[in-house]
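Structure at a glance
So the chains spell out like this:
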Amino acid sequence: MDRLRAMEMFLSVAKTSSFTETARLSATSATSVSRIIGDLEDHLGVQLLLRSTRQVTLTEAGESYARQIEPILWSIDEARDSISAISTKPQGVLRIHSRTMFGLGVLTPLIPQFAALYPQIKIELALGEDKVDLRRQGIDIDFRISPPAEAGLKRRKLFESKRLLVASPAYMADRPAVESPADLHHHDLLAYMRPGDVYNWRFSRKSKDREVRDEDLEIAPRHVSNNGMVLLDLALSGQGVALLDDYTVANWLDQGDLVHLLPDHNVTNSTFEEGIYATFLDTPIVPAKIRTMLDFVIERTAGMQRRFDVWRQPLTVNRP
């Protein structure tokens, strides 16, 4: 029995609760997975899994075993990656997670250029707004809008960004002017989906060379979405006022498809200290594939102006 392979398959089943999914990830059959884990149970002399036609669950011994072997398997993977990092030729699978807007507008257009330079690296790009666990989910780089707070992570800052209130000229044509945050109560608002039912936008502005924070504005959005591309498309379509990152709307503002509201205010739905951060595990040696991708992206995006230059406009946009 290949004990390491058996441990890896058991941990996969423990996480996915599925022989079928583990078989897919391991490029084998569900029958083989079940047999290998069965051999592992015989070797250990304990039952690790409870099998039924509907589900697979862990026994008490299985839960304990999974907790103990996960850091062991992670250490083995880290050692393998560290050895690979010594190689001057970047290669292997590079698993990347990114916020949706940055992933679509910046990373996706860069991938063909990167692939042409480093054909031995295969990229797996996942997009989403939820927080990810790099170690548990096997992610090499996570592009976030705020610096990591978790222990055991490193970060490289690409750039700072601001959020802007924008709307289409067609929408504003027959709507009251927005001269203060309170005027937004008379408008249709487009907001990022947040936990709970309460939505707040925070405002601040410069006053005699110091930042003055206005009161938070509780809003009742007309539409909400967890995807910035949706909010951008809705704003361009004349559906209301959206709060979006500056680099994602810069081209539309330059072309006149959007107008910037309350330009003398800073506004956010979270914190004012945000941007894009590349986050990765803090290991003694950063694998070559990770170093190469970080250097490649930072070279093309870091700095005030580059973040506007690299953004790719959506291929299709609904306009009024």
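Quick notes on the rules
Residues numbered from 1 in each chain as written. Predicted model: local features only at pLDDT ≥ 70, side-chain atom pairs only at ≥ 80, totals over all residues. Heavy atoms only, no water. Core = buried A, V, L, I, M, F, W, Y, C linked by side-chain atoms within 4.5 Å. Buried < 20%, exposed > 50% of the residue type's maximum accessible area, 1.4 Å probe, protein only. Helix = DSSP H or I, 4+ residues; strand = E, 2+ residues; numbered from the N terminus. Contact = heavy atoms within 4.5 Å. Salt bridge = Lys/Arg side-chain N within 4 Å of Asp/Glu carboxyl O. Axes fitted to C-alpha atoms, helices over the stretch in contact; angles between N-to-C directions. Parallel < 35°, antiparallel > 145°, perpendicular 65-115°, else oblique. Left-handed = near helix turned anticlockwise from the far one by under 90°. Nonpolar A, V, L, I, M, F, W, Y, C, P; charged D, E, K, R; others polar. Patch = residues over 30% accessible without salt bridge, like charges linked within 9 Å, V, L, I, M, F, W, Y side chains within 5 Å. Areas by Shrake-Rupley, 256 points an atom, 1.4 Å probe, with all protein chains shown as cover. Phe/Tyr/Trp six-rings, centres within 6.5 Å; stacked < 30°, edge-to-face > 60°.

Per an unreviewed UniProt entry, the protein carries the name Transcriptional regulator and comes from Paracoccus acridae.

Some thoughts on the nonpolar core
Soluble globular proteins tend to pack their nonpolar side chains together in the buried interior. Counting residues in hydrophobic clusters, the biggest one holds 24 residues, and the most contacted among them are Phe 102, Ile 141, Phe 143, Leu 158 and Ile 276. At the level of secondary structure, the elements contributing two or more residues to this core comprise β3 (92–98), α5 (100–117), β5 (141–144), β6 (153–161), β16 (274–281) and α10 (288–301). Ranked by residues supplied to this core, first place goes to α10 with 6 residues. Excluding its chain neighbours within four sequence positions, the residues that come into contact with Phe 143 are Ile 96, His 97, Ser 98, Arg 99, Phe 102, Leu 107, Leu 158, Ile 276, Tyr 277, Ala 278 and Val 297.

What to know about the pattern of salt bridges
Across all of its chains, the model carries 16 salt bridges by this definition. In this structure, the salt-bridge partner of Glu 70 is Lys 15, at a minimum N-O distance of 3.4 Å. Note that Glu 70 is positioned in helix α4 (residues 60–86) and Lys 15 in helix α1 (residues 3–16), a separation of 55 residues in sequence. With relative accessibility at 18%, the residue Glu 70 sits in the buried group. The shortest N-O distance in the salt bridge between Glu 21 and Arg 24 comes to 2.6 Å. Separated by 3 residues within a single helix, Glu 21 and Arg 24 lie in helix α2 (residues 19–26), roughly one turn from each other.

Re the packing of α5 against α10
Relative orientation of the contacting elements α5 and α10 amounts to 125 degrees, with a least axis distance of 11 Å. Taken together, the axes of α5 and α10 lie oblique to each other. By crossing handedness, the relation of α5 to α10 is classed as right-handed. On the side of α5, the interface is formed by Val 106, Leu 107, Leu 110, Gln 113, Phe 114 and Leu 117, while α10 contributes Thr 292, Met 293, Phe 296, Val 297, Arg 300 and Thr 301. Classifying every residue of the contact of α5 with α10 gives 8 nonpolar, 3 polar and 1 charged.

As for a nonpolar patch on the surface
Among the surface-exposed residues, Leu 4, Ile 72 and Ile 76 lie close enough to one another that they form a single nonpolar patch of about 220 Å² accessible area. Judged by relative accessible area, which is 35%, Leu 4 ranks as partly exposed.

Considerations on the packing of aromatic side chains
In this structure the tally under the stated criterion is 7 aromatic pairs. Seen from their ring centres, Phe 114 and Phe 296 are 5.2 Å apart, and the 70 degrees between their planes marks the pair as edge-to-face. Residue Phe 114 is found in helix α5, and its partner Phe 296 is found in helix α10; the two are separated by 182 residues along the sequence. A ring pair is formed by Phe 159 and Tyr 247, whose centres lie 5.2 Å apart and whose planes are at 70 degrees; its orientation type is edge-to-face. One end of the pair, Phe 159, is in strand β6; the other, Tyr 247, is in helix α9 (residues 246–255), and 88 residues separate them in sequence. Put simply, the rings of Phe 102, Phe 143, Phe 159 and Tyr 247 touch in pairs and so form one group of aromatic residues.

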